[in-house]
Amino acid sequence: MSSLSRELVFLILQFLDEEKFKETVHKLEKESGFFFNMRYFEDAVGNGEWDEVEKYLSGFTKVDDNRYSMKIFFEIRKQKYLEALDKRDHAKAVEILAKDLKVFSTFNEDLFKEITMLLTLQNFRENEQLSKYGDTKSARSIMLIELKKLIEANPLFRDKLQFPSLKNSRLRTLINQSLNWQHQLCKNPKPNPDIKTLFLDHTCGQTNGARAPSPVPTNHLMGPMHKVGGFPPMGGPPLYQHAPAPMPNSLAGWMANPSSMPHQTLSMGPMGLTPPNNAAVSMLKRPRTPPTNNPALDYQTADSEHVLKRSRPSGIPEEANNLPVNIMPSNIYPGQSRAHSMYSADDLPKTVVANLNLGSAVKSMDFHPSQLTLLLVGTNIGEFFLWDLSSGERITSKKFQVWELGACTMILQASLANEYTASVNRVLWSPDGRLFGVAYSKHIVQLYAYFGDGDLRNHLEIDAHIGSVNDLAFSHPKQQLSVITCGEDKIIKVWDAATGAKQYTFEGHEAPVYSVCPHHKEHIQFIFSTDVDGKIKAWLYDNMGSRVDYDAPGHSCTTMAYSSDGTRLFSCGTSKDGESYIVEWNESEGAVRRTYIGLGKRSVGVVQFDTAKNRILAAGDEFNIKFWDMDHVNILSIIDADGGLPASPCIRFNREGTLLAVSTSDNGTKILANAEGMRQVRSIENRAGAASKAPMVGTYGASGSAAGTSVGADRSSSLGPVITLNGESRNLPDAKCRISDELVKPKSWKLTEINEQSQLRSLRLPDSLLSVRIIRLIYTNSGGAILALAYNAVHKLWKWQRNERNTTGKATSAVPPQLWQPSSGILMTNDISETNLEEAVPCFALSKNDSYVMSASGGKISLFNMMTFKTMTTFMPPPPAATVLAFHPQDNNIIAIGMEDSSIQIYNVRVDEVKTKLKGHQKRVTGLAFSNALEVLVSSGADAQLCVWSVDGWEKKASKYLQIPSGRSSNPLAQTRIQFHQDQTHVLVVHETQIAVYEASKLECIKQWFSRDSGLSITDATYSCDGQTIYTSFDDGSVSIFTAVGLKLRCRISPTAYMPTTR
């Protein structure tokens, strides 16, 4: 259906709703599948209209479409079953079990048996997992919260939960405009035409008179329609009126629902007997959807977008990739509370493990969000430092310098002419750790892009405020990264972190703004701000003024911060009289909930504080560090960090609360650690990020490495590619491969050699199936499983279970996974009829949500359901055979297929049709990778050629051949493989002679690495999941680890370290 036809459906939906054709509205919603009416769905669930609930859902999804859909239907049918048991209607319960729940036994037979056993109990609450089940109403309400989360995360509901912004009676307006136009064309227009039908074009009868005037918006020729049966004419508040939702004066109306994390993500639990997770009981006491001006409305206006759209963190997939693969029941009712005991002072970071000498007074510090030992420090002379605490080395430092003085305001230029110095007021990492910002005491905010291993590049310079920039913060108001600044000019501004474009300006403070604290609750994004006179305001991203106006305790100059999980709000500040306050706020009432005791009455400067582990508050006061348990007002512990602290030291925890950085009076910083923090500081392995999943190199043959040489010429920092968050890249001039040191001298690193099994932890995957050589290997996008394709065309899937030894359920070498098969016992097996397996080029690709795998082993292409292993379809019998496959990132029905005959076919699975054929390679295609940010497809072939194709139109944008080292001849059948970096602008190219990094849009080589040993070939390479390193395998079985930016060899793993010794 065309876009205009789709819009017409929305116009009809609006018209039907305005005319009170309610049943027809919901039938059209279901049959068109364009708009999922969450309000209608909520009412049906709340009323227990289960048949209507499933019938309505069927217009948008089916049980076996994906994991989200399966969980949605399971929760509904489970609730229906439990209600029948609760009513002692065993006949009905048996019917539901047999007709509705039986389908889930295919995926989890044990769970189905346990559900069946509930029939034998006098009261199903005797089952431990259901002991907390309340009455029907509350159970439905709890389930509804979970269903809404699942629906919002389900990719099949993407763009179907928001009704477009329409003016009232839009369809009627269009008809009136058409009639006006028809009347204007009448040869003899009448002054007051009588419109009697819409079935024919309007014409006026022959009459003498002047030509009708040009139509105006108020000239409505079509009047309102009166329904038979006494429905009133259309009037009153319009259904889709374009006005902002009402906003109460207190915080309660727009921050009532605490989110589970600072940037909310969905963690979909497994199917089980337990009720869905209820994050807060208070949610049951509020309306199920945000209020609007008209409580009878079913659809929301575009101004409610901030309420309806769920924001996601940068770099995280919409399918919420932390899904567990198993469908086992949970052991504990998620909603039950646990006793909250006093936090132990022994777990606080108290031990001094490092002293950093900076040479100037510390003003601000921040730890990297994932590399827990990476510390950023800014000082009072405008200098900032980046330290790696695990090695105790300073990675880099930079002094205050304006990048483009000519682009700055005349006020700033004049100020710098008098005194070219500035203090750092704030340093802060972005949530994903790819950027950090530096706010200076003179007008300027600078953003730097950090690529790891000392590679630091200028990203943006913003002349943000007149005078001092007092604070900065990062947020995602429109699902894109923004930076928020505030300053001496009493203004708060929001900027696009990719382009530097100003997005919002907030004015209303009567004194310089001291700090900003962005956050979100549910779907509502907002910003707290404080000024030096102790005023607290809150702002929505709508340029409509502050929504909250409170006084900080003691009218103190205050900073605000949320607990790590985003559920509790704290502030700490110091009044002009030197009295300091640290408090917890009751957001619903805009009042102080708890005031902590122990801060000094005559503090010097503004006391700084921080939070950790959702349990700890810490503040630097009276030459000490003071700690509180968040649930107790009395001080938990006071330490002096072996002395040498200033009166009000600057402090900062790392993300896990294991390290604490504290400024000292001798222009330095002390690092304090608890037991876990000491292990982190002493472990060099943590520098790549403890949160990364285990690296894995695909087995395209044996692997091995030798010392290599990096190819490239030094260049000035002005030529370096600056990566932006919206996928754009500042392109480099066309030249041979080269790399920039960006004026930053990387720290030295000794090459690590791993030769013994005791030096690493490896895991052999258990395999009860026929032992056959593995040809292809890949992690699932969720990170909880490995999918392999064997030589005999059979797929194998290993899944890690969530348990006490592996609480995340992610891939790890510490716990072996299970070789998983559905209860049916079927295998995912490719078509190999009339196929010579020795000549075949096996290939496969996973859909973004891990629901489907597309695969070929020289024969037809097969599409498998990953939950059932069933073959959904087969297509494209050879010749030519498929040699590489890739799903379109935005539509799983569109597939790019690289062929043996050197062509690339863009195929639509749904209509079974090749949409277009791309020709540009001379030999078989061996690599395909989409960039959603650049909207391109990059391909590689056995001809050692790279091509870039525009997704919009599929025309070729660029092509380039790899530079083969002199003296090396390339195998004519050598595969060239490609993989995009997380930034979606740089692509890793893997060839038997080299690995290289290219800027994708222009195919400019940024860096290459060649092996010095001509007899050693590269078999594969892949980025680590944090994008910091590249793991490369060689045909002698060894693996080498390179930095992602400079392709510097950091570690070499001998095959003897992970391969079992053969006897």
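Note that this is a predicted model, so its numbers are computed, not measured.

(A) Representation of the sheet that holds strand S45 (residues 945-950). Pairing within the open sheet is antiparallel, and its four strands lie in the order S43-S44-S45-S46. Every other strand in the sheet has two partners, leaving strand S43 (925-931) and strand S46 (956-961) as the edge strands with one partner each. If you compare each strand with its neighbour and ignore which way they point, the axes differ by 15 degrees on average.

(B) Main features of the packing of aromatic side chains. Here the structure, examined in full by the defined rule, presents 31 aromatic pairs. Ring plane angle 70 degrees and centroid distance 5.1 Å describe the contact between Trp429 and Phe436, whose orientation is recorded as edge-to-face. Each member of the pair, Trp429 as well as Phe436, carries the same accessibility label: buried. These aromatic residues form a ring-pair network of at least three members: Phe36, Tyr40, Phe41, Tyr56, Phe60 and Phe157. Taking NZ or CZ as reference, Arg457 lies 4.5 Å from the ring centre of Phe451, over its face. Over the ring of Trp820 we find Lys799; its NZ or CZ atom is 3.6 Å from the centre of that ring.

(C) Representation of the pairing of strand S51 (residues 1018-1023) within the structure. For S51, a buried count of six out of six residues is recorded, marking the element as mostly surrounded by other parts of the structure. Summarising the sheet, S51 and strand S52 (residues 1029-1034) pair through five bridges and their orientation is antiparallel. Note on S52: the bridge partner recorded for Tyr1023 is Ile1030.

(D) Up close: the sheet that holds strand S20 (residues 580-586). Across the sheet, four strands lie side by side as S18-S19-S20-S21; this open sheet has antiparallel pairing. The outermost strands of the open sheet, each flanked by one partner alone, are strand S18 (557-562) and strand S21 (591-595). In this sheet, adjacent strand axes meet at a mean angle of 35 degrees when their direction is disregarded.

(E) A look at the pattern of salt bridges. Scanning the entire structure with this criterion turns up 36 salt bridges. Here Lys576 makes a salt bridge to Asp533, at a shortest N to O gap of 3.1 Å. Of this pair, Lys576 sits in the loop between strand S19 (569-574) and S20 while Asp533 is found in the loop between strand S15 (524-531) and strand S16 (535-540), placing the two residues 43 residues apart along the sequence. Between Asp1020 and Arg977 there is a salt bridge, and its shortest N-O distance comes to 3.4 Å. One end of the pair, Asp1020, is in strand S51; the other, Arg977, is in strand S47 (residues 977-980), with 43 residues separating them in the sequence. The pair formed by Asp1020 and Arg977 is uniform in burial state, with each residue classed as buried. Within this structure, Arg568, Glu584, Arg593, Arg594 and Asp631 form a network of salt bridges that share partners.

(F) Representation of helix H1 (residues 3-18) within the structure. If you check H1, its first and last C-alpha atoms are 23 Å apart, about what 16 residues at 1.5 Å a residue would give, namely 22 Å. For H1, every residue scored as buried is listed here: Val9, Phe10, Leu11, Leu13, Gln14, Phe15, Leu16, Asp17 and Glu18. Phi turns positive, to about 70 degrees, at Lys20, one or two residues after H1.

(G) How the structure looks around a nonpolar patch on the surface. A cluster of nonpolar residues, Leu198, Phe199 and Leu200, forms a patch on the protein surface that exposes about 410 Å² of accessible area. Mapped onto the fold, Phe199 is located in the loop between helix H9 (170-184) and helix H10 (305-308).

(H) Structural detail: the pairing of strand S22 (residues 608-612). Within S22, four of the five residues are buried, leaving the element largely enclosed by the surrounding structure. Where S22 and strand S23 (residues 616-621) come together, five bridges link them in antiparallel fashion. Directly across from Ala612, in S23, lies its bridge partner Ile616.

(I) Quick look at the nonpolar core. In terms of nonpolar packing, the biggest core is built from 45 residues, with Phe36, Phe41, Leu57, Tyr81 and Leu101 touching the most fellow members. Counting residues per element, the ones that place at least two in this core are helix H3 (38-46), helix H4 (50-57), helix H5 (67-86), helix H6 (90-101), helix H7 (109-117) and helix H8 (136-153). Of all the elements, H5 adds the most residues to this core, at 10 residues. Those residues in contact with Phe36 that sit more than four places away from it in its chain are Phe41, Tyr56, Leu57, Phe60, Ile151, Phe157, Lys160 and Leu161. Val469, Cys486, Val494 and Val516 belong to the second largest nonpolar core, which has 30 residues in total.

Definitions and cut-offs
Residues numbered from 1 in each chain as written. Predicted model: local features only at pLDDT ≥ 70, side-chain atom pairs only at ≥ 80, totals over all residues. Heavy atoms only, no water. Pairing = 2+ DSSP bridges. Helix = DSSP H or I, 4+ residues; strand = E, 2+ residues; numbered from the N terminus. Axes fitted to C-alpha atoms, helices over the stretch in contact; angles between N-to-C directions. Phe/Tyr/Trp six-rings, centres within 6.5 Å; stacked < 30°, edge-to-face > 60°. Buried < 20%, exposed > 50% of the residue type's maximum accessible area, 1.4 Å probe, protein only. Lys NZ or Arg CZ within 6 Å of the ring centre and 35° of its normal. Salt bridge = Lys/Arg side-chain N within 4 Å of Asp/Glu carboxyl O. Expected span 1.5 Å × (residues − 1). Patch = residues over 30% accessible without salt bridge, like charges linked within 9 Å, V, L, I, M, F, W, Y side chains within 5 Å. Areas by Shrake-Rupley, 256 points an atom, 1.4 Å probe, with all protein chains shown as cover. Core = buried A, V, L, I, M, F, W, Y, C linked by side-chain atoms within 4.5 Å. Contact = heavy atoms within 4.5 Å.

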